[in-house]
Structures are given as structure tokens and as C-alpha cells.
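What follows is each chain in one-letter form.
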2 protein chains.
Amino acid sequence: MTRDQLTTPEQVRRACRSGEWTGQTSGLAPKFAQANLVVLPQEDAFDFLLFCQRNPKPCPLLEVTEPGSPIPLRLAPDADLRTDLPRYRVWRNGEMTDEPTSITTCWRDDLVSFLIGCSFTFEAALLDAGLPIRHIELQRNVPMFRTNIPCVRAGRFHGPLVVSMRPLRAADAIRAVEVTSQFPEVHGAPIHIGLPHQIGISDLQSPDFGDPVPVADDELPVFWACGVTPQAAVIAAQPEYVITHSPGCMFVTDMPDSGLRG
Amino acid sequence: MTRDQLTTPEQVRRACRSGEWTGQTSGLAPKFAQANLVVLPQEDAFDFLLFCQRNPKPCPLLEVTEPGSPIPLRLAPDADLRTDLPRYRVWRNGEMTDEPTSITTCWRDDLVSFLIGCSFTFEAALLDAGLPIRHIELQRNVPMFRTNIPCVRAGRFHGPLVVSMRPLRAADAIRAVEVTSQFPEVHGAPIHIGLPHQIGISDLQSPDFGDPVPVADDELPVFWACGVTPQAAVIAAQPEYVITHSPGCMFVTDMPDSGLRG
């Protein structure tokens, strides 16, 4: 199975379901939104839902399933979240215990699935607007940093805001604010521009996650809230049981990127 | 105590707390956002939070408190939700059992408070834009209607979308869409314009809540999602215990209306 055969959301999900595709989803089914996945027992679901409500920029909720149901009725009513992602991570008491390609055997009737917006959508809009995205040009993962900005706590869930960084020239940075402002469901406008030390970032070449990218003298680093924030907060809270997507192995939805325009 | 003495949020809340003000809050503390209140036991709070997440236009959540805490840290950290509204309604198993001016004696450690955006904020913006608001001109309550549009269910909470209606001439209706689009946290853009029967409204002169207002031949009825929607869904679900604000007796926040601009 090659990437060229995975141009619709249904093709991607079917290939994941059959085990034919177990890799990253970036670039698959272009023009359709992809989502981060966090699955928690109902006992922890209220606090996590509250964490997302209180921290909407890093945690833009696209959908929350009914307890026990793996069907995302809004984003892809024909999908099954237990099988339709390429790869998952299973965590018990804060330790990753498995990285399976299906979670059918570890599903429980009390599990609630949270689907959270992903920056792939606004990156497509930035590219459409003619703006350069350094890490895509260099075929790297986007650099991500823990900031000194705390998220608003909800019950056991707390932690720092994690941001992604894209270097842009000033006029492009302004245009990028305009473009991403239109996508509040996928992190929206940047949270900072230009002065990384003000948000607790001392070295742009040492990201906490992802790969470093060069920042030219005539460029500003532009920082967006990142979906790693809720994942990190969940894992740090060490709940009894959590399932997440494996990094880069997102859920591909039936929602066109344009459907997430605010 | 007269309305002229209640020009800041703190003055309003202090007068409510002391029992000196027990009336409606419309027009008090101008330029500050007011909020609908729903208080539920934690046992029902997850489903209601999910109901709001799934129905953001009628249920724009401004804040959800920690279980047991009556302090709205985001909207007014010095306030106490048990005393700082003019009047409350206490419901047990779907029946209103009391309409007190304080809920201190009926507070419980498992109660979660939901503060939901209110159309007063966007009405102020419409007036600032020079648009006429019929029910304000006539000193009536806004007319509200149950529609045939179902909300997305969450657990025990479900029911029809309730809308408020304001008649406007076509050019003003267009401008009203532009203005209210900027306020997603207080219901945002209208949900319908012009053809009430398409959303299940047969007679504009017979609102389900509030007062009728005349609609001229050269005007279109413009419909916005309304905060009565979540109140009606909660009461219809007949949970064991619910507290709401009394109609028109909202919580006055420290958040300027302009702070809710998207």
C-alpha cells in the first residue's frame, strides 16, 4: 500500500483497519482534517473535558464520544476509533505498556474518546496562502517547546502550554495571524511572536519535541498552541488507563479542512 | 437602591449579596458581560458539559467551576455564585421548589456551576453599530421560540434549539450577521434568517417565551441561538437537583463585553 492509494479519508481508515497502513498520516487524504486522540475512563473524563474547556487554544475539541462508544458521529459516522488509526499508545499509571495497531482487545465500556484539532489543517491553509513552512520544506517534524505558561488546571490535569514554532518574515507572520485566526478549532491564532525568552524558551535550536529548524536573522519565530499540550498533561497525571494515538498517527476525519474555518 | 447606583459589576454583586437588589440585571453595569447560571451535582456535570460542547451556539460556556467551589476564577475571582445573583430557582426532580435570593443554605460540596454567555453582550454591540433592537425600543422581553431543530443529545440532556428573534431590514440583518459573528462566546452569528416555518415556527406573534414584537413588511425575522436552550434541556431531564438563575436575574461578571469578541 502506497501513499498515492490513500487519498480519501475512507481509504486511509480502511487501510488502518486492515493493518495495511501503520505509518504516519501527514499528507494522507489531503484537504481533510486530522485529529489527535485521547481515550480515558469515564471516571477521568469530566476533569479532562473541563481541562479542554478551560484551555481551548491547545485543546480545541472537535468531538467527544458517548461513554463506551467508539463511533465519532460528528467527524466520521462510519468510522471505528478502535481500529481506524494506524497506531496507538496504551498507558497504565503513566507508563506506556503497548503500542498496538488496534485497541479492540483493550477497549472497555467506560471509555470516552476525545478528538482534538490538529495543526495540519491550518498548515494547509498557510500553504494555500503562499506562506513558506520551514519544517515541511526541510521534511522534518515541527519543533515544539514547553513554555513557562501554565495551563488552567482542571482536577488532576495540569501542566505547561506546549507550542509549535514556525519561522516567518514579518509580513508573512502578520498574514499567518490572519489566516490561522480563521481556524479556532485547530489552535487558531498564534500565542506569541518574536521573543521566545518571554515564554520561557531559551534555545530555539533545542526543541523539547520534534526537530530543530533554522531561523534566519530577518525572521521572527511564531508560536502556536500545540496538541501535545493535552497529551502531556494526561500522561503526567498518570491516570490508571489512557490510550492515545501514536505520534504522527492521527485519526483522519470526513470533515474537510474548510469545515473547521470559524 | 436604584439602578443608577449599580454601574460596576462589583456594585451589582455587592447589592445582590446584601439583599438590596433582587430584580433583573438588564442594563446594570453597562459594558460588562452577564452570564446564565446552571448548577448541577457532579454526577450530572459530565453529561451537561458534553451537551454544551456539542451544542456550542446555544450553550457558549464562559466558565465551569471546580466541583464544590462557588468562585468563578476566570470571570470574577472576588465573586461568590451562591450570593451574588439577584435571585435563583431551585429545582428538585424537575419541579421548581424555591426561588431564593441566596443559595448558601442549599449549597453542596458536589455542585458544579456552569456560566453560559448571554445575548446582552451582542445586543450592546448591535446598538453600538447603530442597529435598532425592537424589544428594547418597546421595553419588552425578547421573543423566544422553540424550533424543530434538535440539539445534539448528551446522556440525559436533549431537547429542541430555542432561538431569540429580532426583526431587521435586510441591510441591517446583514450587518447584524457581521457584528454578532465576532462574538462566538455569546451565541455568535444567527442560525436562521427570514423563513420561520423552515425552523418550525408557525406564528411569530406567539413566542414560547418572552413577549411578542411587531415585524414590519419590509423586515426579516433574524433568529439567534438562545441561552434558554440549555436551561430547558436541564429542567426537562429532571435531574435530582438543579439550581439556575431566575429569568433575567443574571450573574454580572468582571469581563468587559469587548473581552468576549472572538
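Residues numbered from 1 in each chain as written. Chains lettered and ligands numbered in written order. Predicted model: local features only at pLDDT ≥ 70, side-chain atom pairs only at ≥ 80, totals over all residues.

S.K.: So what exactly am I meant to see when it comes to the environment of Val215 of chain A here?
M.R.: Residue and element names in this part refer to chain A. Note that Val215 resides in the loop between strand S8 (192–193) and strand S9 (219–225). By the C-beta count within 10 Å, which is 18 here, Val215 ends up partly exposed. Taking the C-alpha atoms as reference points, Val215 and Arg169, 46 residues apart in sequence, are found 9.7 Å from one another. When neighbours within four sequence positions are excluded, Val215 is seen to be in contact with Pro167, Leu204 and Pro221. (Helix = DSSP H or I, 4+ residues; strand = E, 2+ residues; numbered from the N terminus. Buried ≥ 20, exposed ≤ 12 C-beta atoms within 10 Å, placed from the backbone. Contact = placed C-beta atoms within 7 Å.)

S.K.: Sorry, what's going on with the relation of the copies chain B and chain A here?
M.R.: Mapping between the two chain copies consists of a rotation about an axis together with a translation along that axis. Overlaying chain B on chain A yields an RMSD of 0.0 Å, the required transformation being a rotation through 180° with an accompanying axial translation of 0.0 Å. Put plainly, the chains are arranged around a two-fold axis. The position closest to the rotation axis in chain B is occupied by the C-alpha of Phe46 of chain B, lying 2.5 Å away. Both copies contact each other with a shared surface, as 100% of the interface residues of chain B are interface residues in chain A too. (Least-squares fit on C-alpha atoms with pLDDT ≥ 70 in both.)

S.K.: Just to check I follow, could you spell out the sheet that holds strand S6 (residues 144–150) of chain B for this structure?
M.R.: Two orientations exist for strands paired in a sheet by backbone hydrogen bonds: parallel and antiparallel. Residue and element names in this part refer to chain B. Within the open sheet, the 4 strands sit side by side as S6-S7-S9-S8. Their pairing is antiparallel. Of all the strands in the sheet, the pair left with one neighbour each is S6 and strand S8 (192–193). Here S8 runs beside strand S9 (residues 219–225); their pairing, made up of 2 bridges, is antiparallel. Bridged to Ile193 within S9 is Val222. Running over the sheet, helix H5 (residues 170–181) touches strand S7 (160–169), S8 and S9 and is turned about 130° from S7. Here helix H6 (residues 228–236) sits on the sheet and contacts S6, S7 and S9; the angle it forms with S7, its principal contact strand, is near 155°. (Pairing = 2+ DSSP bridges. Axes fitted to C-alpha atoms, helices over the stretch in contact; angles between N-to-C directions.)

S.K.: How should I be thinking about the interface of chain B and chain A in this particular structure?
M.R.: Quoted interface sizes are often the accessible area lost when the parts come together. Taken residue by residue, the interface counts 7 residues in chain B and 7 residues in chain A. Listing elements by their share of the side of chain B that touches chain A, those giving two or more residues are helix H2 (42–54) and strand S2 (61–64) of chain B. The biggest single contributor to the side of chain B that touches chain A is H2 of chain B, with 5 residues. Residues belonging to the side of chain B that touches chain A are distributed by class as follows: 6 nonpolar, 1 polar and no charged. (Nonpolar A, V, L, I, M, F, W, Y, C, P; charged D, E, K, R; others polar.)

S.K.: Please explain the sheet that holds strand S7 (residues 160–169) of chain A as it appears in this structure.
M.R.: Residues and elements named next belong to chain A. Across the sheet, which stays open at both edges, the 4 strands sit in the order S6-S7-S9-S8 with antiparallel pairing between neighbours. One side of each edge strand has no neighbouring strand; the edge strands of this open sheet are strand S6 (144–150) and S8. Sheet strands in contact with helix H5 (residues 170–181) are S7, S8 and S9, and its direction is about 130° off that of S7. Across the face of the sheet, helix H6 (residues 228–236) comes into contact with S6, S7 and S9 while running at roughly 155° to S7.

S.K.: Quick question: what am I supposed to make of unusual backbone geometry here?
M.R.: Note: most peptide bonds trans; most residues except glycine with negative phi. All names here are of chain A. Backbone geometry at Ala29 places phi at a positive 45°, although glycine is not the residue there. With respect to the helices, strands and loops of the structure, Ala29 is situated in the loop between helix H1 (9–17) and strand S1 (32–41). Residue Ala29 is classed as partly exposed on the basis of its C-beta count, with 19 C-beta atoms lying within 10 Å. Unlike most non-glycine residues, Gln139 shows phi in positive territory, near 55°.

S.K.: Any chance you could explain the domain arrangement of chain A here in plain terms?
M.R.: All names here are of chain A. As far as domains go, chain A holds domain 1 (3–118 + 238–260) and domain 2 (120–230). Between domain 1 and domain 2, the residue contacts involve 22 residues of the former and 24 residues of the latter. Among the secondary structure elements, those contributing two or more residues to the side of domain 1 that touches domain 2 are S1, helix H2 (42–54) and strand S5 (111–117). With 6 residues, the top contributor of residues to the side of domain 1 that touches domain 2 is H2. (Domains from an automatic or database assignment.)

S.K.: Would you mind showing me how to read the confidence of the model for chain A here?
M.R.: Where the model shows low pLDDT, its predicted coordinates should not be examined in detail. Residue and element names in this part refer to chain A. Here chain A shows a mean pLDDT of 94. Residues at 70 or above account for 100%. Averaged pLDDT values for the elements of chain A fall to 91 in helix H3 (residues 120–128) and rise to 97 in H1. Reported confidences for the modelled complex are a pTM of 0.86 and an ipTM of 0.77. (pLDDT = per-residue confidence, 0-100.)

S.K.: Sorry if this is basic, but what is going on with the environment of Val242 of chain A here?
M.R.: Residues and elements named next belong to chain A. Tracing the chain through its elements places Val242 in strand S10 (residues 241–245). Of the residues examined, Val242 has 24 C-beta atoms within 10 Å and is grouped as buried. Between the alpha carbons of Val242 and Ser113 there is a distance of 10.0 Å; along the sequence they are 129 residues apart. Sequence-distant contacts of Val242, defined by excluding residues within four places in its chain, comprise Val38, Val39, Leu40, Trp91, Val234 and Ile235.

S.K.: Help me out: how do you make sense of the packing of H2 of chain A against H2 of chain B in this one?
M.R.: The axes of two packed helices give the description: the angle between them and the distance between them. Interhelical geometry of H2 of chain A versus H2 of chain B gives an angle of 35° and a closest axis separation of 9 Å. Crossing of H2 of chain A over H2 of chain B shows left-handed handedness. Along its contact with H2 of chain A, which presents Ala45, Phe46, Leu49, Leu50 and Gln53 of chain A, the element H2 of chain B presents Ala45, Phe46, Leu49, Leu50 and Gln53 of chain B. Looking at side-chain class alone, the contact of H2 of chain A with H2 of chain B contains 8 nonpolar, 2 polar and no charged residues. (Left-handed = near helix turned anticlockwise from the far one by under 90°.)

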